[in-house]
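# Secondary and tertiary structure notes
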Amino acid sequence: MFRIAAPAESILIVGAGPAGLTLGIELLRRSVPCRVIEALHAPVTTSRAFTVHARTLELFEMMGIVDPFLEQGLRGISMDYRFRDARQVVRLDFTTLDSKYPCFRIISQTDTEQILREHFLRLGGVIDWHTELRAVTGDDGAVTATLFDIADQRTETVQPDWLIGCDGAHSIVRRHIGAEFPGARDHGSVMWMTDASLTGRPGEAGRVCYDIGADHMLLTTQLPNGTWRVLVSGAGDTDSVDSSPEAFQKILDQHFDGTVILGDPQWTSVFQVSRYLSATYRQGPILLCGDAAHLQAPVGGQGMNVAIQDAVNLGWKLAAVATGAVGPALLDTYEQERRPICEKVIADTDELHSVILNHGVPLTTRLAKTQEPGFLDRAVRNISGIAYRYRDTTTASLLRGLGVGDRAPDVEA
Ligand SMILES: Cc1cc2nc3c(=O)[nH]c(=O)nc-3n(C[C@H](O)[C@H](O)[C@H](O)COP(=O)(O)OP(=O)(O)OC[C@H]3O[C@@H](n4cnc5c(N)ncnc54)[C@H](O)[C@@H]3O)c2cc1C
């Protein structure tokens, strides 16, 4: 643990989402101060991500915040692929995981962010709400950031030593460093979702159910507050979607014959499945973290988890560099380690995509894919994050047993 304080405000974190808050915690718990700015006036109240996976729980334990996730989250034990007209349920069983947390936690992103935020504030952190990064310039390694206080209509110029873009999918920081963001929206796959109460149960608590028809997929899972996430995917684009309660009910009726009735929707969202990966995560003292660096298909629910894992990887390295304990070259390993993981996550979610979101492809073909040797085990290990390691991408030792880059959840950090 590094305990030499860096000068105040030498690190500017843009965005108080899961990535920015996790990075802030990782710096503060090493006594490295940072400033977090957030364009919004207050926390987001919509549920969004609902899965916290095993690898993230292991990291939360190291950060000292796993208990609220275990207490507030529902214990998720499986993801069930129920192919229409097939009698078989293909079960991704997370209780088989080689982890202290053989499960995932079902908890809304609102609650996840609240737990992270409270811990960040407890450690002495401050979030500057309604403060937007408007421009960044970099000259000879010096960064100048123009901030705008939306409430006070006041402009401020700061010169941090390090600027971290945790500013999400439309990252201004990524645009500033001119990083290419190759990828595509999947015009064959659109999703529309709602959180609502249900009368009748589409599945057991703790199981995320995917009812897979030839031309659509219906996901249902109970959330901790008693409501249900109901998500549908079909072919087409966002403007072709009917996300009215009646349209959700029609699809529920196709699968549950009128035994599951949708209550008033709490919120509804329509989005296109997309995959993007930034060509670089770093330009000198400016780095990208979380959705600012990558977007992947939502299958398995990994976006927020990857963002948090990025921030943990970056946090201890930035703390070490900012305090002068090591040279800035250590920061090169952040991209060297995390970008290939993200490439793998994108490839692995594409494999799952070919099973549950391949609208129009015969169900027998997709069911057959799940019967391939190792498919289920691989899917569970990948989705949980347990499979991913840095051995092949870092200067790994060739020692027997645990080596550099391996997951070591029981080591205190
Ligand atoms: C409907 C939906 C369902 C999802 N389901 C899942 C799931 O089940 N599991 C999962 O793991 N992931 C899921 N995701 C993805 C997950 O929400 C994201 O991956 C996650 O929020 C990424 O965190 P982040 O901190 O990188 O970015 P964000 O959460 O986008 O946070 C970025 C923050 O930066 C702020 N910001 C942006 N620009 C500026 C600026 N110029 N100045 C200051 N602040 C700025 C934004 O206001 C925002 O608060 C889902 C997403 C959606 C929309």
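Here goes a summary of the coordinates provided. Predicted, not measured: the structure shown is a model, and the values here were computed from it.

Strand order across the open sheet formed by three strands is β9-β10-β11, with antiparallel pairing between neighbours. Only two strands of the sheet have a single neighbouring strand rather than two, namely β9 (131-139) and β11 (154-158). With strand direction ignored, the average angle separating the axes of adjacent strands in the sheet is 20°.

So, on to unusual backbone geometry. Non-glycine residue Arg48 carries a positive phi angle of around 45°. Assignment of secondary structure puts Arg48 in the loop between β2 (35-37) and β3 (51-52).

Under the definition given, this model contains five aromatic pairs. Taking 5.2 Å as the distance between ring centres and 85° as the angle between the ring planes, the aromatic pair formed by Tyr81 and Tyr210 counts as edge-to-face. Here Tyr81 is found in strand β5 (residues 78-83), whereas its partner Tyr210 is found in strand β14 (residues 207-212), with 129 residues between them in sequence. Neither residue differs from the other here; Tyr81 and Tyr210 are each classed as buried. Ring geometry for Tyr281 against Tyr334: centres 5.7 Å apart, planes inclined by 55°, an arrangement best described as tilted. With Tyr281 in the loop between β17 (261-277) and β18 (282-283) and Tyr334 in helix α8 (residues 332-356), the pair connects residues that are 53 residues apart, well separated along the chain. Accessibility expressed as a relative area gives 0% for Tyr281, which makes it buried. Residue classification places Tyr334 among the buried positions, given a relative accessible area of 0%.

Pairing in this open sheet of six strands is mixed, and the strands run β8-β2-β1-β12-β19-β18 from one edge to the other. Edge positions in the sheet fall to β8 (127-128) and β18, since each has one partner strand and no second. Strand direction decides the pairing type here: strand β12 (residues 162-165) and strand β19 (residues 286-288), joined by three bridges, are parallel. When the bridges of β19 are listed, Ile164 appears paired with Leu287.

Attention shifts here to the packing of α8 against helix α10 (residues 375-384). Two elements in contact, α8 and α10, have axes separated by 10 Å at closest approach and are oriented at 130°. In terms of orientation, α8 and α10 fall into the oblique class. Considering only the axes of α8 and α10, their crossing is left-handed. Facing Asp348, Glu351, Leu352 and Val355 of α8, the residues of α10 in contact are Phe375, Arg378, Ala379, Asn382 and Ile383. Taken together, the residues that form the contact of α8 with α10 break down as five nonpolar, one polar and three charged.

So, how was this worked out
- Residues numbered from 1 in each chain as written.
- Predicted model: local features only at pLDDT ≥ 70, side-chain atom pairs only at ≥ 80, totals over all residues.
- Heavy atoms only, no water.
- Pairing = 2+ DSSP bridges.
- Helix = DSSP H or I, 4+ residues; strand = E, 2+ residues; numbered from the N terminus.
- Axes fitted to C-alpha atoms, helices over the stretch in contact; angles between N-to-C directions.
- Phe/Tyr/Trp six-rings, centres within 6.5 Å; stacked < 30°, edge-to-face > 60°.
- Buried < 20%, exposed > 50% of the residue type's maximum accessible area, 1.4 Å probe, protein only.
- Parallel < 35°, antiparallel > 145°, perpendicular 65-115°, else oblique.
- Left-handed = near helix turned anticlockwise from the far one by under 90°.
- Contact = heavy atoms within 4.5 Å.
- Nonpolar A, V, L, I, M, F, W, Y, C, P; charged D, E, K, R; others polar.

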